[in-house]
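# Breakdown of the fold
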Amino acid sequence: MHTTATTATTALSRPATRAAPPAPVRTAYALWLTAVAAGAFETVLAIGRMVADGTASAGEIGVGLAVRLTVFTAAVLIARRMRGGARWARITLAIGLGVLGTASMVVQPLGYLADGGSLTAALSQAGALDWVFGASRAVHVGAVLTAVALMFGPAANAYFRPRA
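Structure report, in brief. Numbering of residues begins from 1 in every chain and follows the order in which that chain's sequence is written. Restriction of local features to residues with pLDDT of at least 70 applies here, the model being predicted, together with a cutoff of 80 or more for giving and counting side-chain atom pairs; totals for whole chains, interfaces and linings are based on all residues. Side-chain numbers come from the whole structure's heavy atoms, not from hydrogens or water.

## With respect to the nonpolar core
Inclusion rule: What is meant by a nonpolar core is a set of buried Ala, Val, Leu, Ile, Met, Phe, Trp, Tyr and Cys residues, joined one to another through side-chain atoms within 4.5 Å. Residue burial is assigned from relative accessible area. The probe radius is 1.4 Å, only protein chains are included, and a residue is buried under 20% of its type maximum, exposed over 50%, and partly exposed in between. Working definition: helices are DSSP H or I runs of at least four residues, strands are E runs of at least two. Numbering for both runs from the N terminus.
Of all hydrophobic cores here, the largest spans 20 residues; its most connected members are V25, W32, M82, L93, M151 and F160. Elements that contribute at least two residues to this core include exactly α2 (23–53), α3 (58–83), α4 (87–114), α6 (128–151) and α7 (154–160). Per-element accounting of this core gives the leading share, 6 residues, to α2.

Given below as structure tokens:
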């Protein structure tokens with residue numbers, strides 16, 4: 001037998017259903033997955049280069065892989081929560097990957113230029129692997145920056161606004 005009090009208690013203990021995410025949030029989610037895929041691809045390229053050059057030990061590669069796989073997994077899980085309307089997930093993605101992650105991707109090239117490196121020289125000496133890596137990195141950074149922008153547009157802000 002289901003009483004009115006039991007029904008009311010059950011209804012209060014269930015989370016409120018949230019409307020389907022608006023297009024900008026769905027697109028941001030797809031872009032986070034794109035960024036993770038690009039990051040995984042870049043990892044494969046970098047490991048291939050390190051193995052071919054002999055510039056890293058198996059232990060260094062293993063640690064690097066463990067860190068990256070942890071970040072990639074967390075990014076996908078947090079992006080899923082963002083798509084579901086979790087405000088904390090939106091902020092975590094924006095700060096963790098939008099700011100810190102992007103900084104980690106651009107610090108080396110900017111450091112090279114700040115130390116007097118020439119963009120022209122770097123491009124003229126780039127091999128096919130460098131161009132593929134660079135293209136993937138451009139997709140990666142573009143996906144992250146666009147996802148962050150979409151997560152804070154008007155439709156997304158309305159979606160993430162607390163419900164009464």
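## Some points on the pattern of salt bridges
Once the charged atoms of two side chains with opposite charge are near each other, the side chains can pair. For the record, the criterion: A pairing counts as a salt bridge when a side-chain nitrogen of Lys or Arg comes within 4 Å of a carboxyl oxygen of Asp or Glu.
Applying the stated criterion across every chain, the model contains 2 salt bridges. As a salt-bridge pair, R137 and E42 come within 2.9 Å of each other at their nearest N and O atoms. Highlighted residues: R137 in helix α6 and E42 in helix α2, separated in sequence by 95 residues. Its relative accessible area of 23% is what places R137 among the partly exposed residues. Between R49 and D130 there is a salt bridge; the shortest N-O distance is 2.6 Å. A residue pair is termed long-range when its members are at least 10 positions apart, and R49 in helix α2 and D130 in helix α6 qualify at 81 residues.

## Notes on the environment of V76
Which entries qualify depends on this criterion: Any two residues having at least one pair of non-hydrogen atoms within 4.5 Å are treated as being in contact.
Structurally, V76 is set in helix α3. The exposure class of V76 is partly exposed, given its relative accessible area of 25%. Sequence separation between V76 and Y29 is 47 residues; the distance between their C-alpha atoms is 8.8 Å. If we ignore the near neighbours within four places in the chain, the residues touching V76 are L33 and V36.

## Brief notes about α2
Operational definition: Helix span, as expected, comes to 1.5 Å for every residue beyond the first.
With 31 residues, α2 should cover 45 Å at 1.5 Å per step; its first-to-last C-alpha distance of 44 Å lies within 8% of that length. One or two residues past the end of α2 sits G54, with phi positive at roughly 70 degrees.

## Regarding the packing of α4 against α6
Put simply, the rule reads: Axes here refer to lines fitted to C-alpha atoms; in helices the fit is confined to the stretch in contact. Angles between the N-to-C directions go from 0 to 180 degrees. By definition in this entry, angles of less than 35 degrees are roughly parallel, angles greater than 145 are roughly antiparallel, angles of 65 to 115 are roughly perpendicular, and the rest are oblique. Helix crossings are classified by the rotation of the near helix relative to the far one: an anticlockwise turn of less than a right angle makes the crossing left-handed, while a clockwise turn makes it right-handed. In this count, Pro and Cys sit with the nonpolar residues alongside Ala, Val, Leu, Ile, Met, Phe, Trp and Tyr, while Asp, Glu, Lys and Arg are called charged and the others, Gly among them, polar.
Contact geometry for α4 and α6: axes closest at 10 Å, N-to-C directions at 150 degrees. On the basis of the axis angle, α4 is roughly antiparallel to α6. Two packed elements cross with a definite hand, and for α4 against α6 that hand is left-handed. Residues R90, L93, A94, L97, G98, T102 and M105 of α4 lie in contact with α6, whose contacting residues are R137, H140, V141, V144, L145, V148 and M151. Tallied by class, residues from the contact of α4 with α6 come to 9 nonpolar, 3 polar and 2 charged.

## Digging into the packing of aromatic side chains
Short version of the rule: Stacked, tilted and edge-to-face pairs are distinguished by plane angle, under 30 degrees for stacked and over 60 for edge-to-face with tilted covering the rest, among Phe, Tyr and Trp rings (Trp via its six-membered ring) whose centres lie within 6.5 Å. Charge-over-ring placement is defined geometrically: NZ (Lys) or CZ (Arg) within 6 Å of the ring centre, and within 35 degrees of the ring normal.
With the rule as written, the count across this model stands at 1 aromatic pair. Aromatic pair Y159 and F160: ring centres 5.2 Å apart, planes at 70 degrees, arrangement edge-to-face. The ring centre of Y29 lies 4.1 Å from the NZ or CZ of R83, which sits over that ring.

## Description of the layout of surface pockets
Heads up, the condition is: Grid points spaced at 1 Å over the protein atoms alone were grouped into cavities, where a 1.4 Å probe fits but cannot get out, and pockets, open sets with protein on both sides within 12 Å along at least five of seven lines, with lining residues defined by an atom within 4 Å of a point. Grid points are joined across faces, edges and corners, and a volume is the space filled by probe spheres set on the points.
When its volume is computed, the largest pocket comes out at roughly 1600 Å³. Around the largest pocket sit 46 residues that line it, and M105, Q108, P109, F133 and R137 are the ones nearest its centre. Looking at side-chain class alone, the lining of the largest pocket contains 28 nonpolar, 11 polar and 7 charged residues.

## Comments concerning the packing of α2 against α6
As a packed pair, α2 and α6 sit with axes 8 Å apart at the nearest point and diverge in direction by 155 degrees. In terms of orientation, α2 and α6 fall into the roughly antiparallel class. Helix-helix and strand crossings are classified by hand; for α2 and α6 the assignment is left-handed. A class-by-class count of the residues in the contact of α2 with α6 yields 18 nonpolar, 6 polar and 4 charged.

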